[in-house]
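Residues per chain are reported as follows:
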Amino acid sequence: MKGQLTVSDLKFEYPEYAEFEADQVLRGLSFCCRSGEITVIIGGAESGKSTLALILAALVPSHTGGQLSGRVVLDGLDILGSPAAEIIENCGIIFQDPEKQTVTTDCFSEAAFALESLGLAEEEIISRVEGSFETLGIGHLLESGTVETSGGEKKKLAIAGQLCVNPDLWIMDETFEELDSPSRVKLLDSLKDNRRSVLIFTSKYYDIFEKADAFYHLRDGRLSEREELPFSPGFTLGLREDGLIPDFVTTSRRPAASDSLPDLISVRDLAFSYSTGREGIAGDHWAFDLNIDEFSLTDGEIVSIVGRNGCGKSTFGKLLCGLLIQDRGEIRAAGFGVPAAEEPAAMTAQSGPPASTDFLNSFCAYMFQNPDYQIFLPTVYQELSWGLVEAGIPHSEIKERVELAIENFNLPGASTPPAMMSYSARKRLQVAVYYLLKRPVFILDEADTGLSYHDFKGLIEQLRSISRGIIIITHNLELAAEVSDRVLGMSGGRITEDLREFSTDSLKTWLSASAGSGRTGR
Amino acid sequence: MIADSFVPGKGILYRFDPRMKLLCLLFVVLAFFIESSLPVKAGLLAIFVLLTGTSLGAGKAAVPFKLIWPILVLTAILTPPFNLGGEVLLSLKGRPVLTSDGLEAAAAMLLRFSGITAAFFLFFSTTETSAFILALRSFGLPYKAALTVTISLRYIPDMFRVYGNISDAHKLRSAGIMQGGRRRGFQRRLAHLFPVLISVLIQAVKSIPALAMALDSKGFGRQNPRTSCRKLPHWSAIKPDIAGAAAVIALTAFVIVLL
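Fair warning: this is a prediction, and the values are worked out from it, not measured in the lab. (Residues numbered from 1 in each chain as written. Chains lettered and ligands numbered in written order. Predicted model: local features only at pLDDT ≥ 70, side-chain atom pairs only at ≥ 80, totals over all residues. Heavy atoms only, no water.)

**Here's the deal with the overall build of chain B**
Okay, so step 1: Helices and strands together make up the secondary structure of chain B, namely nine helices and two strands.
Okay, so step 2: Along chain B, helices (α) and strands (β) appear in the sequence α-α-α-α-β-β-α-α-α-α-α when read from the amino end.
Okay, so step 3: Along the longest, intermediate and shortest principal axes, the C-alpha atoms of chain B span 75 × 60 × 35 Å.
Okay, so step 4: Looking at chain B residue by residue over its 259 residues, the buried ones come to 44%.
Okay, so step 5: For chain B, restricting intrachain contacts to residue pairs at least 6 apart in sequence, the fraction spanning at least 24 positions comes to 70%.
Okay, so step 6: Within chain B, the 11 negative side-chain charges are centred at a point lying 11 Å from the centre of the 28 positive side-chain charges. (Helix = DSSP H or I, 4+ residues; strand = E, 2+ residues; numbered from the N terminus. Buried < 20%, exposed > 50% of the residue type's maximum accessible area, 1.4 Å probe, protein only. Contact = heavy atoms within 4.5 Å. Lys, Arg positive; Asp, Glu negative; His and termini not counted. Charge placed at Lys NZ, Arg CZ, Asp CG, Glu CD.)

**Examining the environment of Leu141 of chain B**
Okay, so step 1: Considering the arrangement of structural elements, one finds Leu141 of chain B in the loop between α6 (129–138) and α7 (143–174).
Okay, so step 2: Ignoring sequence-local partners within four residues, the contact set of Leu141 of chain B consists of Leu136 and Ala146 of chain B.

**Looking at helix α3 (residues 38–56) of chain B**
Residues and elements named next belong to chain B.
Okay, so step 1: Here α3 contains 19 residues, and its C-alpha end-to-end distance of 26 Å stays within 8% of the 27 Å for a straight helix at 1.5 Å per residue.
Okay, so step 2: For α3, every residue scored as buried is listed here: Val40, Lys41, Leu44, Leu45, Phe48, Thr52, Gly53 and Leu56.
Okay, so step 3: Buried residues along α3 sit in contact with α1 (12–15), α2 (18–34), α4 (63–78), α5 (100–126) and α9 (239–258). (Expected span 1.5 Å × (residues − 1).)

**Overview of the nonpolar core**
Okay, so step 1: Within the largest apolar cluster, 125 residues are counted, with the highest numbers of intra-cluster contacts made by Val129, Phe133, Phe295, Phe316 and Leu384 of chain A.
Okay, so step 2: Considering every element that reaches this core, the biggest residue donor is helix α11 (residues 423–437) of chain A, with nine residues.
Okay, so step 3: With residues up to four places along the chain from it excluded, the contact list for Val129 of chain A reads Phe108, Ala111, Ala112, Leu115, Leu142 and Cys164 of chain A.
Okay, so step 4: Ala53, Val72 and Ile171 of chain A together with Leu211 of chain B belong to the second-largest nonpolar core, a separate cluster that totals 44 residues. (Core = buried A, V, L, I, M, F, W, Y, C linked by side-chain atoms within 4.5 Å.)

**A short note on the interface of chain B and chain A**
Okay, so step 1: Across the contact, 66 residues belong to chain B and 73 residues belong to chain A.
Okay, so step 2: Of the roughly 6,000 Å² buried at the junction of chain B and chain A (both faces included), carbon and sulfur atoms supply 57%.
Okay, so step 3: For the chain B face of the interface with chain A, the top three residues by lost area are Leu172, Arg173 and Lys218 of chain B, together amounting to 15%.
Okay, so step 4: For Lys231 of chain B, the salt bridge goes to Glu122 of chain A, with nearest N and O atoms at 3.4 Å.
Okay, so step 5: At the boundary of chain B with chain A, the tally comes to 23 residue pairs in polar contact (both at pLDDT 80 or more).
Okay, so step 6: When residues of the side of chain B that touches chain A are traced back to their parent elements, those giving at least two are α6, α7 and α8 (185–217) of chain B. (Buried area = accessible area lost by both parts, 1.4 Å probe. Salt bridge = Lys/Arg side-chain N within 4 Å of Asp/Glu carboxyl O. Polar contact = N/O pair within 3.5 Å; in protein donor to acceptor, adjacent residues only side chain to side chain.)

**A word on empty space enclosed by the protein**
Okay, so step 1: Counted by the stated rule, this structure contains five cavities of 30 Å³ or more.
Okay, so step 2: By volume, the largest cavity is sized at about 140 Å³.
Okay, so step 3: Around the largest cavity, the lining is made up of 14 residues, and of these Ala114, Gly161 and Gln162 of chain A together with Ser217 and Lys218 of chain B lie nearest the centre.
Okay, so step 4: Among the secondary structure elements, those contributing two or more residues to the lining of the largest cavity are β6 (91–94), α2 (107–117) and α4 (151–165) of chain A.
Okay, so step 5: By residue number, the principal contributor to the lining of the largest cavity is α4 of chain A, which donates four residues. (1 Å grid on protein atoms, 1.4 Å probe; cavity = no way out; pocket = protein on both sides within 12 Å on 5 of 7 lines; lining within 4 Å. Points joined across faces, edges and corners; volume = space filled by probe spheres on them.)

**Looking at the side chain of Ser304 of chain A**
Residue and element names in this part refer to chain A.
Okay, so step 1: Within the secondary structure, Ser304 sits in strand β13 (residues 302–307).
Okay, so step 2: According to the relative accessible area criterion, Ser304 is buried, its value standing at 0%.
Okay, so step 3: There is a polar contact of 2.5 Å between the side chain of Ser304 and the side chain of Ser484.
Okay, so step 4: Filtering out sequence-adjacent residues up to four positions away, Ser304 remains in contact with Ile472, Ala480, Ser484, Arg486, Val487 and Leu488.

**So, the pattern of salt bridges**
Residues and elements named next belong to chain A.
Okay, so step 1: Summed over all chains, the structure comprises 34 salt bridges over all chains.
Okay, so step 2: For Glu478, the salt bridge identified is with Lys508, shortest N-O distance 3.7 Å. Taken as a pair, Glu478 in helix α13 (residues 477–483) and Lys508 in helix α14 (residues 504–513) lie far apart in primary sequence, 30 residues in all.
Okay, so step 3: Several salt bridges converge on common partners, so that one network encompasses Arg34, Glu37, Arg226 and Glu228.

**A short note on the layout of surface pockets**
Residue and element names in this part refer to chain B.
Okay, so step 1: By volume, the second largest pocket is sized at about 490 Å³.
Okay, so step 2: Every residue lining the second largest pocket is counted, 22 residues in all, and those nearest its centre are Cys24, Val28, Phe48, Leu51 and Val248.
Okay, so step 3: Within the residue set of the lining of the second largest pocket, elements represented by two or more residues are α2, α3, α5 and α9.
Okay, so step 4: By residue number, the principal contributor to the lining of the second largest pocket is α9, which donates seven residues.
Okay, so step 5: Residues of the lining of the second largest pocket, tallied by class, amount to 18 nonpolar, three polar and one charged. (Nonpolar A, V, L, I, M, F, W, Y, C, P; charged D, E, K, R; others polar.)

**Brief notes about the sheet that holds strand β4 (residues 67–74) of chain A**
Residue and element names in this part refer to chain A.
Okay, so step 1: Taking strand neighbours across the sheet as the criterion, the four strands line up as β2-β1-β4-β5 in an open arrangement whose pairing is antiparallel. In this open sheet, the two strands that pair with only one neighbour each are β2 (24–33) and β5 (77–78).
Okay, so step 2: Where strand β1 (residues 5–13) lies against β4, seven bridges are found, and the strand directions are antiparallel. When the bridges of β4 are listed, Thr6 appears paired with Val73. (Pairing = 2+ DSSP bridges.)

**Things to note about the pairing of β13 of chain A**
Residues and elements named next belong to chain A.
Okay, so step 1: Across the six residues of β13, six count as buried, placing the element largely inside the fold.
Okay, so step 2: The alternating pattern of β13 places Ile302, Ser304 and Val306 and Val303, Ile305 and Gly307 on opposite faces, both of which are buried.
Okay, so step 3: Judged from the four bridges that link them, β13 and strand β17 (residues 469–473) form a sheet pairing that is parallel. Residue pairing for β17: Ile302 is matched across the bridge by Ile470.
Okay, so step 4: As paired strands, β13 and strand β18 (residues 486–491) are joined by five bridges and run parallel to one another. Across the sheet, the residue bridging to Val303 is Arg486, located in β18.

**Focus: the packing of helix α9 (residues 380–390) of chain A against helix α10 (residues 395–408) of chain A**
All names here are of chain A.
Okay, so step 1: Relative orientation of the contacting elements α9 and α10 amounts to 130 degrees, with a least axis distance of 10 Å. Taken together, the axis directions place α9 and α10 in an arrangement best described as oblique. Crossing angle aside, the handedness with which α9 passes α10 is right-handed. The residues of α10 that touch α9, namely those facing Val380, Tyr381, Leu384, Ser385, Leu388 and Val389, are His395, Ile398, Lys399, Arg401, Val402, Ala405 and Ile406.
Okay, so step 2: When grouped by side-chain class, the residues that make up the contact of α9 with α10 number nine nonpolar, two polar and two charged. (Axes fitted to C-alpha atoms, helices over the stretch in contact; angles between N-to-C directions. Parallel < 35°, antiparallel > 145°, perpendicular 65-115°, else oblique. Left-handed = near helix turned anticlockwise from the far one by under 90°.)

**So, the packing of aromatic side chains**
Okay, so step 1: Scanning the model with the defined rule gives 22 aromatic pairs over all chains in all.
Okay, so step 2: Relative to Phe132 of chain B, the ring of Phe124 of chain B lies with its centre 5.0 Å away and its plane at 75 degrees, an arrangement referred to as edge-to-face. Both residues of the pair, Phe124 of chain B and Phe132 of chain B, count as buried.
Okay, so step 3: Through successive ring pairs, a cluster of aromatic residues spans Phe176, Tyr205, Tyr206, Phe209, Phe215, Phe231 and Phe235 of chain A. (Phe/Tyr/Trp six-rings, centres within 6.5 Å; stacked < 30°, edge-to-face > 60°.)

**Regarding the domain arrangement of chain B**
Okay, so step 1: On domain assignment, one finds that chain B holds domain 1 (1–128 + 229–259) and domain 2 (142–228).
Okay, so step 2: Distance between the C-alpha centres of domain 1 of chain B and domain 2 of chain B: 30 Å. (Domains from an automatic or database assignment.)

**Brief notes about the sheet that holds strand β8 (residues 197–202) of chain A**
All names here are of chain A.
Okay, so step 1: In space, the six strands of this open sheet follow the order β6-β7-β8-β3-β9-β10, with mixed pairing throughout. Each edge of the open sheet is held by one strand with a lone partner, namely β6 and β10 (222–223).
Okay, so step 2: Summarising the sheet, strand β3 (residues 38–43) and strand β9 (residues 214–219) pair through five bridges and their orientation is parallel. The partner of Gly43 across the bridge, within β9, is Leu218.
Okay, so step 3: Its contacts with the sheet put α4 on β6 and β7 (169–173), and the angle it makes with β6 is roughly 175 degrees.
Okay, so step 4: Those strands touched by helix α5 (residues 181–194) are β3, β7 and β8, and its axis lies near 165 degrees from that of β7.

**Here we look at unusual backbone geometry**
Okay, so step 1: The residue after Val60 of chain A, namely Pro61 of chain A, is reached through a cis peptide bond having omega 10 degrees.
Okay, so step 2: By secondary structure assignment, the location of Pro61 of chain A is in the loop between α1 (49–56) and β4.
Okay, so step 3: The residue Ala58 of chain A is not glycine, and still its phi comes out positive at about 65 degrees.
Okay, so step 4: Note on placement: Ala58 of chain A falls in the loop between α1 and β4.
Okay, so step 5: In this structure, Lys93 of chain B is a non-glycine residue whose phi angle is positive, near 50 degrees.

Next comes the structure, spelled out in structure tokens:
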């Protein structure tokens, strides 16, 4: 059996940039991945997971520059001395963001691309592509354009492309993030059945990894010793210190929000539908329908929304903050009046007239999964002060507020360029921006992606202290069960569960039985 | 406009060989450029609007014009002042602003823009991107050049999507402050556009090494010969399509010469 990987004393640092010294990302890693085994490398944000994954696929440093030393040997083949394109049958990688791995315009061509590179015959390519799509349950995408696929489908498409080639060693960079719980289970079972060596990089330990054979903890560019289940106390402690496994024993649950508290935001008979496929032009392959009969977020409440990929969670979140406009129904928000940066909204009204989209835009902070969408200025100070300057607040007051925000959110310093900050620090900066704008409601759309349990919980604690209500859209049921006052289950574009009593297990049971997306054929 | 405009369907235009469609498209575009007769241009445009309506649905016939309406408005306004020959139709303080030549030049430009846009819209609405690329390759375009076109077509909608997301993100961030802030009107819109464009630029630059890595990870540039799974039918199998394309080209040429 093939797929025996041996890594010895691997060191790497990215090139130096003006005013910034190169930091050693990997500091002498040595480990092995045995033939046919599933090995999981767990590490927090910026621990070097993606860099290591790309090095093992021979893509770094050839595309990034940097100093690399050590040895990586796969079945006797020197990976570091091989061109990446020539070893795709030996080892294949699935990127953290599958969007970045897509190079063609239709799903079939995308999956067939690597097989064409290998020079396979037409019949063989068709057979492998169709077989892999069937295995992953995405046969309906064979004739679709890549632009039509959802986030979860893009991930499955990338996996299908890998399955077509089926290399001796699979490298999967955060592939289990953004997939709903049943899809994760199915994927891991498929990997077990496939009997190839698999190296999974993840920022969180999930229960399904019980089926894996070996584990390593990546921290500060160094790797722990090989570990198998059950974990040794030292290994568990290390993961717990970095917040990589759920450790919710010490968490103090807040008392459930009282019914007597006013609604912060309420929704009635909300309907929204759109056609996808050929957005704005024609040719609707399928359509999406969202129907929310009733929803309310009580003042002080934290509500999580869970459900399978494509069930309408993000669409609902975007309707609540006015980024999408409903076809029917109304959204009401308390404290009607535009909450300018200077004056927070007065939270006195139980409900006002239906809120305009402009009002909802300024009432809710929608935290995009990618923090870089909202960051654009050269320093932390400029980033934080931008909104306040635009609002015409005096400079002395701006300075005071910004310095306080930097301290409260543990940001590296006023003159630090955001681009040089860690992923979790950029997420905190994103929150700090909205903190200064005094938005009452925060909507977090899969904001836990790439963050450890610890980092995400820290973020929620900070938000809890500055906001009036939080809506968390997530696939992470452990986190949902831990931090929420209430959990809503969405299925087929509807809220089908409104739970005040729940546990991770009960949510998993519900999700396994729930229907999928809100797509309807048209 | 081109990217992501394919509309699934089964009509005759969908069954027409993409190579022949491409030839017809090139000839029609040429005709819109060399033809000076307004009625012929208008007739050709009417044919494309009719074909679009029947192939894609009546509602889609106006889509190409919606896509380019700012250009059409600017053309209608700016062309007449630069063509002041012929009969004066409108003057301002004794100076002619609209003449018969200006009106004719504006009409010609409008019909040309509209016609070419309608032709391309119809082509890309009824031709899959992969078929378009195969057609280009069958006319001798090297694989790497064809892949460049594919990647461009793949990234155009992607950049629009990124622009939309970033624009949404900034809209939320600036909501409630820009309205009441120190900037007004155009200045405010410009102030909103600047951060969006910077963020899009950052994302675009970041995607360059990622794209190179993606191609490498899919074996692009291997030493062995590359195969192609999707192929267009052999020329001998598309004789009716060739005849159809020849007829379209001959008929258009005949009308142009005759009128």
